[in-house]
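# Architecture and fold: a report
Spelled out from the first residue to the last, the chains are:
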Amino acid sequence: MTVVATLRPVSRTWTFFEGEWREGNIAIMGPRTHAAWLGSTVFDGARAFESVTPDLQAHCERVNISAEKFLLRPCVAVDAWVDLAREGIKHFGPEAALYIRPMYWADQGFGGGVKFDPETTRWCLTLYEAPMPEPTGVAVTLSPFRRPTSETAPVEAKASCLYPNNTRALIEAQARGFDNCILRDMLGAVAELANANIFMVKDGVVFTPAPNGVFLDGITRRRVIGLLRGEGFEVQERTLRFEDFLTADEIFSTGNYAKLSPVIRIEARALAIGPVFRRARALYWAFAHDGAGAGAGGDSAAPARLSAAVRS
Ligand code: PMP
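Only a predicted model underlies this, so the values are computations on that prediction, with no experimental measurement involved.

## Brief notes about the environment of Leu240
Along the chain, Leu240 falls in the loop between β12 (235-238) and α6 (242-246). Separated by 31 residues in the primary sequence, Leu240 and Pro209 place their C-alpha atoms 5.8 Å from one another. Aside from chain neighbours lying at most four places away, what touches Leu240 is Ala189, Val190, Phe207 and Pro209.

Structure below.
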């Protein structure tokens, strides 16, 4: 297998592709691959860190649901994804911080090429070193860009083709001196950050946008809601406006990559890293290390409503 020349070296990477583990940024597509040309890829992202893999099973479940929703053929059983991920982790040190990314894509199209053939679905599982970001805090702004609706994009799947919109939102926000941005839906309700879900705290009550089908109802989001409610916090999922965030006592984000991350500035207003964020993060780490599923960081305690969530 030829190693692809990349502009920048990638971190240590192992990928299971076509029956074997291969090291490095291996070639998985060609110029005739439908996904390389027209973006027909779905993926998911899980993590290994500190010898745990919280919600690995849920992320593997979701990539299959994404494939189905995207009209690809999910041909890897969830347990097979999980077993492969565990095998892949062994290529790294036990404590390694890894991103674990299962992917499906369409290989061939019909005729003119726009319509892909689900029977040509291919897949790989790639794992690579990616340090866990420190929770030092990020600055956020309102993005001029919006989340598309299900009529305008395949928002019901975690599809790669959704991400260029998030990329341009990030580039625009970063050009104005922010780290991340709040995207709204087409009706003006806050949806999420460009790469994570968003929470706010006001007078001790935790709020997060109610899933309405246009943003990713994240696995970490659901996990954190459950953990906070389990501790007696009131967590409300409801329609939120940007103005609600402008007067929040705390804002934080959830997502597989960084797990929980505090927001320390919204527009010009500074925010402290608050007690609810600290408690939520501590609860998540306790869950990751001691949750149900020995050595699995709570895999068997995947949120019961997960399937419904990713389908919404
Ligand atoms: N929204 C977007 C756009 C994301 O890319 C992510 C990261 N996967 C999330 C939310 C958080 O989802 P999860 O907790 O399932 O990783």
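## Comments concerning unusual backbone geometry
Positioned with a positive phi, Ser51 is a non-glycine residue whose angle comes to about 65 degrees. Mapped onto the secondary structure, Ser51 falls in the loop between β4 (46-48) and α2 (56-69).

## Examining the domain arrangement of the protein chain
Segmentation of the protein chain into domains returns domain 1 (13-129) and domain 2 (138-292). On a C-alpha basis, the centres of domain 1 and domain 2 stand 25 Å from each other. Every contact between the two is made by 17 residues of domain 1 and, on the other side, 15 residues of domain 2. Elements represented by at least two residues in the side of domain 1 that touches domain 2 include exactly β3 (41-43), β4 and α2.

## Describing the site of the ligand
Near the ligand, the surroundings consist of 14 residues, among which Gly218, Ile219, Thr220, Gly255 and Asn256 are the closest. Mapped by element, the contributors of at least two residues to the shell around the ligand are α5 (219-230) and β13 (250-255). Here the shell around the ligand takes three residues from α5, the largest share from any one element.

## Notes on the pairing of strand β10 (residues 197-202)
The side chains of a regular strand alternate between both faces of the sheet. Counting buried residues along β10, five of its six residues qualify, which places the element largely inside the surrounding structure. Alignment of β10 against β13, held across five bridges, turns out to be antiparallel. Each residue of the ladder has a partner; that of Phe199, found in β13, is Phe252. As defined by bridge partners, β10 adjoins strand β11 (residues 205-209) across three bridges and the pair is classed as antiparallel. Looking at the pairing, Val201 lines up with Val206 of β11. Two successive antiparallel strands, β10 and β11, enclose a turn made up of two residues, where Asp203 displays a positive phi of approximately 50 degrees.

## Quick notes on helix α3 (residues 78-89)
For the α-helix, the turn length of 3.6 residues means that residues three or four positions removed from each other point alike. Helix length check: α3 (12 residues) gives 17 Å between terminal C-alpha atoms against 16 Å at 1.5 Å per residue, within 8%. Listed in full, the buried residues belonging to α3 are Trp81, Val82, Ala85 and Gly88. Angular distribution of buried residues about the axis of α3 spans 125 degrees; they occupy a single face of the element. Exposed residues pointing more than 90 degrees away from the buried face of α3 are listed as Asp79, Ala80 and Asp83.

## With respect to helix α7 (residues 275-290)
Between its first and last C-alpha, α7 extends 22 Å over 16 residues, near the 22 Å set by a 1.5 Å rise per residue. For α7, the secondary structure elements touched by its buried residues are β10, β11, α5, β13 and β14 (259-266).

## Focus: the nonpolar core
Val140, Cys181, Ile182, Ile251 and Ala280 are the most contacted members of the largest nonpolar core, which totals 45 residues. Ranked by residue count, the leading element in this core is α7, at six residues. Ignoring any residue separated from it by four or fewer positions in sequence, one finds Cys181 in contact with Val140, Thr141, Leu142, Ser143, Ala169, Leu170, Ala173, Leu193 and Ala194. Formed by 32 residues, the second largest nonpolar core is a distinct cluster that contains Phe16, Leu72, Leu127 and Ala130.

## Looking at the packing of α5 against α7
Between α5 and α7, whose axes approach to 10 Å, the crossing angle comes to 105 degrees. By the angle between their directions, the pair α5 and α7 is classed as roughly perpendicular. Mapping the contact onto sequence places Arg223, Val224, Leu227 and Leu228 in α5 and Ala280, Leu283, Tyr284 and Phe287 in α7. Class assignment of the residues belonging to the contact of α5 with α7 gives a composition of seven nonpolar, no polar and one charged.

## As for the packing of α2 against α3
In helix packing, the relevant descriptors are the interaxial angle and the interaxial distance, both defined with respect to the helix axes. Packing of α2 against α3 brings their axes to within 9 Å, and their N-to-C directions diverge by 130 degrees. Judged on the interaxial angle alone, α3 and α2 are oblique. Where α2 crosses over α3, the handedness of that crossing is right-handed. On α3, the residues touching Leu56, Gln57, Cys60, Glu61 and Asn64 of α2 are Val78, Trp81, Val82 and Ala85. Split into classes, the residues belonging to the contact of α2 with α3 amount to six nonpolar, two polar and one charged.

## Brief notes about the pairing of strand β1 (residues 13-17)
By the criterion of burial, β1 is predominantly enclosed, with four of the five residues buried. In this structure, β1 lies alongside strand β6 (residues 121-129), joined through four bridges in antiparallel fashion. Residue pairing in the sheet places Thr15 in a bridge with Thr126 of β6. Inspection of the sheet shows β1 paired to strand β2 (residues 20-23) by four bridges, in the antiparallel sense. Residue pairing across strands places Thr15 opposite Arg22, the latter belonging to β2. Where β1 folds back on β2, the antiparallel hairpin that results is connected by two residues, among which Glu18 adopts a positive phi of roughly 50 degrees.

What counts, and at which threshold
Per-chain numbering applies: the sequence of each chain, read as written, is numbered from 1 onward. Under the rules for a predicted model, residues below a pLDDT of 70 receive no local features and side-chain atom pairs below 80 are neither given nor counted, while totals for whole chains, interfaces and linings still include all residues. Only DSSP runs of H or I covering at least 4 residues are called helices, and only runs of E covering at least 2 are called strands; the numbering of each starts at the N terminus. Here the contact rule is simple: place C-beta atoms from the backbone, and any two residues whose C-beta atoms are within 7 Å are in contact. Note that the domain bounds reflect an automated or database-derived domain assignment. Near, as applied to residues and a molecule or strand, means the residue's backbone-placed C-beta atom lies within 6 Å of it. Any residue whose C-beta has 12 or fewer other C-beta atoms within 10 Å is treated as exposed, any with 20 or more as buried, and any in between as partly exposed, C-beta atoms being built from the backbone. Should DSSP find at least two bridges between two strands, the strands are regarded as paired. Here the expected length of a helix is defined as 1.5 Å per residue gap, with one fewer gap than residues. By arc we mean the arc of the directions from the helix axis to the C-beta atoms, nothing more. Joined through C-beta atoms within 7 Å, a set of buried Ala, Val, Leu, Ile, Met, Phe, Trp, Tyr and Cys residues constitutes a nonpolar core. All axes here are fitted lines through C-alpha atoms, helices being fitted over the stretch that makes contact, and every angle between N-to-C directions spans 0 to 180 degrees. If an angle is under 35 degrees, it is roughly parallel; if it is over 145, roughly antiparallel; if it lies from 65 to 115, roughly perpendicular; otherwise it is oblique. Residues were grouped as follows: Ala, Val, Leu, Ile, Met, Phe, Trp, Tyr, Cys and Pro as nonpolar; Asp, Glu, Lys and Arg as charged; and all remaining residues, including Gly, as polar. We call a crossing left-handed when the near helix sits turned anticlockwise from the far one by less than a right angle, and right-handed when that turn is clockwise.

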